[in-house]
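Next come the chains, spelled out residue by residue.
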Amino acid sequence: MKQFIFKALSKLNKTILPSYSKDEDFDLAKASKFQMALIGYKTWVTKNALD
């Protein structure tokens, strides 16, 4: 059940939230706090969807 929720949330994130990995000049060291929080959130969801 938990994994199903995270997989659905991951698909929703993929369609709605921006992808920073496709931006060639995106520098993680210069990312804003909001961008860092968004990256952390997407990582957390992906990690839980794969468990």
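For the structure itself, consult the block above.
So, a few notes on the structure that sits alongside this text. (Residues numbered from 1 in each chain as written. Predicted model: local features only at pLDDT ≥ 70, side-chain atom pairs only at ≥ 80, totals over all residues. Heavy atoms only, no water.)

1. Observations concerning the overall build of the protein
Selection rule: Secondary structure elements follow DSSP: runs of H or I no shorter than four residues count as helices, runs of E no shorter than two count as strands, and numbering proceeds from the N terminus. Accessible surface is estimated by sampling points in the Shrake-Rupley manner with a 1.4 Å probe; for residues, cover comes only from the protein chains shown. A positive count includes Lys and Arg, and a negative count includes Asp and Glu. His and the chain ends are not counted in either. The atoms used to mark charge sites are NZ of Lys, CZ of Arg, CG of Asp and CD of Glu.
Across its full length, the protein carries two helices and zero strands. In terms of principal-axis extent, the alpha carbons of the protein reach across some 35 × 15 × 15 Å. Counting every atom, the protein has about 4,400 Å² of accessible surface; 64% of that belongs to carbon and sulfur. Seen as two clouds, the 9 positive and the 5 negative side-chain charges of the protein have centres 12 Å apart.

2. Observations concerning the packing of aromatic side chains
For clarity, the threshold we go by: Note on aromatic contacts: the rings of Phe and Tyr and the six-membered ring of Trp form a pair at centre separations within 6.5 Å, being stacked when their planes are under 30 degrees apart, edge-to-face when over 60 apart, and tilted otherwise.
A full pass over the atoms with the stated rule returns three aromatic pairs. Ring geometry for Phe6 versus Trp44: centroids 5.2 Å apart, planes at 85°, classification edge-to-face. With Phe6 in helix α1 (residues 2–16) and Trp44 in helix α2 (residues 33–50), this pair connects stretches of sequence that are 38 residues apart. Relative to Phe26, the ring of Tyr20 lies with its centre 4.8 Å away and its plane at 15°, an arrangement referred to as stacked. Every member of this aromatic cluster is reached through a ring pair, and the members are Phe6, Tyr41 and Trp44.

3. As for the side chain of Asn13
This is how the line gets drawn: Burial classification: accessible surface area is computed with a 1.4 Å probe over protein chains only, and a residue below 20% of its type maximum counts as buried, one above 50% as exposed, and the rest as partly exposed. Contacts are residue-level and defined by heavy atoms, with any inter-residue pair within 4.5 Å sufficient.
Within the element layout of this structure, Asn13 appears in helix α1. We classify Asn13 as buried; its relative accessible area is 8%. Residues within four places of Asn13 in sequence aside, it is in contact with Tyr41 and Val45.

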